[in-house]
Amino acid sequence: MSIVKQPQADALKKPHLNLAVVGHIDNGKSTLTGRLLLETGYVDEKGFKEIEEEAKKLGKEDFKYAWILDRLKEERERGITIDAMHVGFETSKYFFTIIDLPGHRDFVKNMIVGASQADAALLVVSARPGEFEAAIGPQGQAREHLFLLKTLGVNQLIVAVNKMDVVNFDQKRFEQIKNDLGKLMRLLGYDPTKVPFIPVSAVTGDNIKSKSTNMSWYNGPTLLELLDALQPPPRLTDKPLRMPVQDVFSVTGAGTVIVGRVESGVLKNGDRIVVMPSAKVGDVRSIETHHMKLDDAKPGDNVGINVRGIDKNDVKRGDVIGQLNAPPTVADEIVARVVILEHPTAIGVGYTPVMHVHTATVPTQFIELISKLDPRTGQTVEQKPQFLKKGDVAIVRMKPLKPVVVEKYSDMPALGRFALRDMGRTVAAGQIIEIKPAKVEIKT
Ligand code: GTP
Ligand code: MG
């Protein structure tokens, strides 16, 4: 029995939001997340009792909420099957999937390469004297995470000022944090007046599910109400079909089965489809998810499709399926906005890391450094820089060394954001702003 309950079918019918919980070390991310799971009925009672007793014995009662997440991590490591997509909690409007953030390298990888891309972020900052100051200081992860979220285009943010119990629920401390953090956010390009700030205590539960009686000076919504007020991700149903391929099988009796997630558009039974970059054309015979037949697949649906006219060897992971009237774009060159996350020296023209974009990986060469931007304002600070180093934000031209399908980030975020990796590290993250398409002929 897992510590976290699996959602019922009804919960999964609610719109999904991926929530990234971010913030500086020890500011209470795990505690607050555990508390959210508990308050929304997603923690197994028996499992939690065990944790409570253990924590009590060790005199570490405050740790019991964070241990919910630790236990979950353990279960994952021991290989107990937990559907990673479905670890989360439910508010009245949404089902939230939590994106765990151990370190920033994994964070970026999760956000860009992984299946889970954040629709919104919950920034946790501690009100404890010194902790908040460290979080927004030069080495602070609150600062770093805010910067990354901005760069990756995650625009919905809630700030939870946590550990209010430690400062006797003092309104002045809350206002001071709101003011100081607001200044930093403005520097990073946010409008802090549009971001809700809420004082909470993950340990005592104040303002999480019910209004705090310790902070009658706060008359805003509770944290669960704020989560409910987030905007759902844009529906990409009206856009052309794009389904990046995750896997391909040849099934005896059925033929070729292609597995992937529809990112935009609608795929219908009987549709004529094209696989790019190979330009192979075929027809959809059936669509399945979890052994259920579907008439169509919409954005967010993970499906297996049985196709006629396409051989298993004509399709591979990283290809993208579309329809003939608007086939997926194969890129000859791209122009992208990149942020250099880490690189031991400097990046110049000719550097060729591997681009990870949707399910594809392709060696991609920097062919022009167009301009360097001020990361805080987006203003150009240098034309045609000689090289780029850690922390730089730049507009660059790149050339994939093999055919690959991409789209502009503004059209289809899932096909327009990428990570650049080299020697097992994420060197940079970026968004595609322009594409010079390659000519690909489709024979029908
Ligand atoms: P990392 O995962 O290491 O980055 O830390 P984290 O942000 O997940 O913090 P965590 O939840 O582990 O909490 C760190 C410490 O702060 C623990 O000792 C918690 O018990 C304590 N803590 C978290 N929230 C609160 C709170 O609201 N009040 C009090 N008094 N302590 C808290
Ligand atoms: Mg933690």
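All values reported here derive from a predicted model rather than from experimental measurement.

**Student:** Whenever I open this one, the domain arrangement of the protein confuses me. Can you help?
**Tutor:** Buried accessible area, meaning the area lost when the parts come together, often serves as the stated size of an interface. Partitioning the protein into structural domains gives domain 1 (11-228), domain 2 (243-323) and domain 3 (331-437). If you average the C-alpha positions of domain 2 and of domain 3, the two centres end up 29 Å apart. Domain 2 puts 11 residues into the contact, and the matching count from domain 3 is 9 residues. The junction of domain 2 with domain 3 conceals about 720 Å² of combined surface from both sides, 75% of it contributed by carbon and sulfur atoms. Viewed at the interface, domain 3 and domain 2 are joined by 2 residue pairs in polar contact (both at pLDDT 80 or more). In terms of residue count, strand β7 (residues 243-251) provides more of the side of domain 2 that touches domain 3 than any other element does, 3 residues in total. Across the side of domain 2 that touches domain 3, the residue classes tally to 5 nonpolar, 3 polar and 3 charged.

**Student:** Could you clarify how one ought to interpret the site of ligand 1 in this entry?
**Tutor:** By nearness alone, 17 residues border ligand 1, and K29, S30, T31, D165 and A202 come closest of all. In this structure, K29 approaches ligand 1 through a side-chain N or O atom, which is 2.8 Å from an oxygen atom. The separation between an oxygen atom of ligand 1 and a polar side-chain atom of T31 is 2.4 Å. Protein chains bury 81% of the 650 Å² of accessible surface belonging to ligand 1 in isolation. Counting residues per element, the shell around ligand 1 draws most heavily on helix α2 (residues 29-39), at 3 residues.

Rules used throughout
Residues numbered from 1 in each chain as written. Chains lettered and ligands numbered in written order. Predicted model: local features only at pLDDT ≥ 70, side-chain atom pairs only at ≥ 80, totals over all residues. Heavy atoms only, no water. Domains from an automatic or database assignment. Contact = heavy atoms within 4.5 Å. Buried area = accessible area lost by both parts, 1.4 Å probe. Polar contact = N/O pair within 3.5 Å; in protein donor to acceptor, adjacent residues only side chain to side chain. Helix = DSSP H or I, 4+ residues; strand = E, 2+ residues; numbered from the N terminus. Nonpolar A, V, L, I, M, F, W, Y, C, P; charged D, E, K, R; others polar. Near = heavy atom within 4 Å. Areas by Shrake-Rupley, 256 points an atom, 1.4 Å probe, with all protein chains shown as cover.

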